[in-house]
Amino acid sequence: MKAIKYNGQRIAAPGAYFNVPIEDYHGGHLCDGWSVSSTGLKRVLQSPAHFWCRSPRNPARVPEVYGSALTEGSAVHVAAFEPEKFAEQFVVSEYDDFRSKEAKAWKLAQQEAGRAVLKAEQMERIQRMGDALRRSPFARTLFSAGLPELTFVAKDEPTGIWLQARPDWVPADPARGLVDLKTASTADPEDWSRKAFDLGYPIQAALALHCVQQATGETRPAFWFVVVENDAPHCVTILRLEEEQIAYGAGRMRDALDRLARCIETGQWPGYAEEPVSVI
């Protein structure tokens, strides 16, 4: 797979891009037109109002707040399977908080150097989770060779909307599909099977597989979720979405894109229901 180095300019051609900052990916202006990720598609399906409320294209938007889960999940992956890169990307805080002038300056210096700041207790948990992942033979196989966090961009021809996907890991062997790492309070397979549809994971998987195929020509047969528990004993569960689940996600993706296109055309962003509804 040939990947293109992101140059900071708006993307105008389909492809697989590396070095895309997470802020640019979620910033709403990564491409030279309207674009949407799986998070946006799921919000459109909740209601267009929920999408528009946080859209970077909305001058009155509610700012997006990304919690520490994204940073911690990325740190767990690097600690487990790319430990040689850990010191380049993460640093343990020297301070209990960042209220003092000195602490604020230190944190800013780390961020400017491209390192995410972790607390000491976070670091201990991250190392334990990384150890648990390495003990999983199947997780080691999935993460054995490949590239992290490539951004795939492709245009949806019926609507002209750019599609964005950023799987956590792209195995070098296309037969291994795509991989997403999740940290969670539980890795219970039954619990995750129930939650998968509520959390929109079939949409995420369908969009990623579609973007990869459109951007690179590769057809990947599977999407895997590797789930590791936040707390001891840090159990690991590997889940694969089946073809019918991905097909369901593709259908929901199509519904969301068509609805988003209508909203863009009309400038109307309705909520759940325009008319009174009966209590069911």
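The structure reproduced in this document is the subject of the present report. Since we're looking at a predicted model, the values are computed, not measured. (Residues numbered from 1 in each chain as written. Predicted model: local features only at pLDDT ≥ 70, side-chain atom pairs only at ≥ 80, totals over all residues. Heavy atoms only, no water.)

**A look at the packing of aromatic side chains**
Put simply, the rule is: In this analysis, rings of Phe, Tyr and Trp, with Trp reduced to its six-membered ring, are considered paired at centre separations within 6.5 Å, and the interplanar angle assigns stacked below 30 degrees, edge-to-face beyond 60, and tilted for intermediate values. By the criteria applied, helices consist of DSSP H or I runs no shorter than four residues and strands consist of E runs no shorter than two, each listed in order from the N terminus. Any residue under 20% of the maximum accessible area for its type is buried, any over 50% is exposed, and the rest in between are partly exposed; the area is computed with a 1.4 Å probe on protein chains only. Our definition puts a charge over a ring when NZ of Lys or CZ of Arg is within 6 Å of the ring centre and also within 35 degrees of the ring normal.
Applying the stated criterion across every chain, the model contains 14 aromatic pairs. With a centroid separation of 5.8 Å and 20° between ring planes, the pair formed by Phe-51 and Trp-269 is classed as stacked. You can see Phe-51 sitting in helix α3 (residues 48–54) and its partner Trp-269 sitting in the segment after α11 (243–266), a full 218 residues away along the chain. When its relative accessible area of 8% is taken as the criterion, Phe-51 is described as buried. Between the aromatic rings of Phe-223 and Phe-225, the centroid separation amounts to 5.0 Å while the plane-to-plane angle is 55°, which identifies the pairing as tilted. Members of the aromatic cluster, connected to one another through ring pairs, are Trp-34, Phe-51, Trp-52 and Trp-269. Over the ring of Phe-98 we find Lys-107, and its NZ or CZ is 4.7 Å from the ring centre. Here the guanidinium or amino end of Lys-195 rests over the ring plane of Trp-192, the centre of that ring lying 5.2 Å away.

**A short note on the sheet that holds strand β7 (residues 151–155)**
This is how the line gets drawn: Pairing between strands is defined by DSSP: at least two bridges between the two strands are required.
Pairing within the open sheet is mixed, and its 5 strands lie in the order β1-β2-β7-β8-β3. The strands lining the two open edges of the sheet, one partner per strand, are β1 (3–5) and β3 (35–36).

**Quick notes on helix α7 (residues 120–134)**
Definition in use: For a helix, the expected span equals 1.5 Å multiplied by the residue count minus one.
Here α7 contains 15 residues, and its C-alpha end-to-end distance of 21 Å stays within 8% of the 21 Å for a straight helix at 1.5 Å per residue. Looking at α7, one finds that the buried residues are Gln-122, Met-123, Ile-126, Met-129, Gly-130, Ala-132 and Leu-133.

**A short note on the pattern of salt bridges**
Definition in use: We define a salt bridge as a side-chain nitrogen of Lys or Arg found within 4 Å of a carboxyl oxygen belonging to Asp or Glu.
Within the structure shown, the criterion is met by 12 salt bridges. One salt bridge in this structure joins Lys-182 and Asp-180, with 3.1 Å as the shortest N-O distance. Put simply, Asp-255 and Arg-252 hold a salt bridge, and the shortest N to O gap is 3.8 Å. On the criterion of helical spacing, the pair formed by Asp-255 and Arg-252 is a turn pair, its members being 3 residues apart in helix α11. Among the residues examined, Asp-255 registers a relative accessible area of 40% and is labelled partly exposed.

**Re the side chain of Lys-182**
Rule in force here: Two N or O atoms count as a polar contact when they lie within 3.5 Å, although within protein this holds only if one can serve as hydrogen donor and the other as acceptor, and sequence-adjacent residues are included solely when both atoms are side-chain atoms. Two residues form a contact once any of their heavy atoms are found within 4.5 Å.
Position of Lys-182 relative to the elements: it lies in strand β10 (residues 178–184). Look at Lys-182 and you get buried, because its relative accessible area is 17%. A distance of 3.1 Å separates polar atoms of two side chains, one belonging to Lys-182 and the other to Asp-180. In contact with Lys-182, not counting residues within four places along its chain, are Trp-192, Tyr-201, Gln-204, Phe-225, Val-226, Val-227 and Val-228.

**Considering helix α10 (residues 201–216)**
Compared with an ideal rise of 1.5 Å per residue, which puts 16 residues at 22 Å, α10 spans 22 Å between its outermost C-alpha atoms and is within 8% of the ideal. Along α10, 12 of the 16 residues are buried, which leaves the element largely enclosed by surrounding structure. Buried within α10 are the following residues: Tyr-201, Pro-202, Ile-203, Gln-204, Ala-205, Ala-206, Leu-207, Ala-208, Leu-209, Cys-211, Val-212 and Ala-215. Directly beyond the C-terminal end of α10, a positive phi value near 85° is found at Gly-217.

The analysis is restricted to geometry; functional conclusions fall outside its scope.
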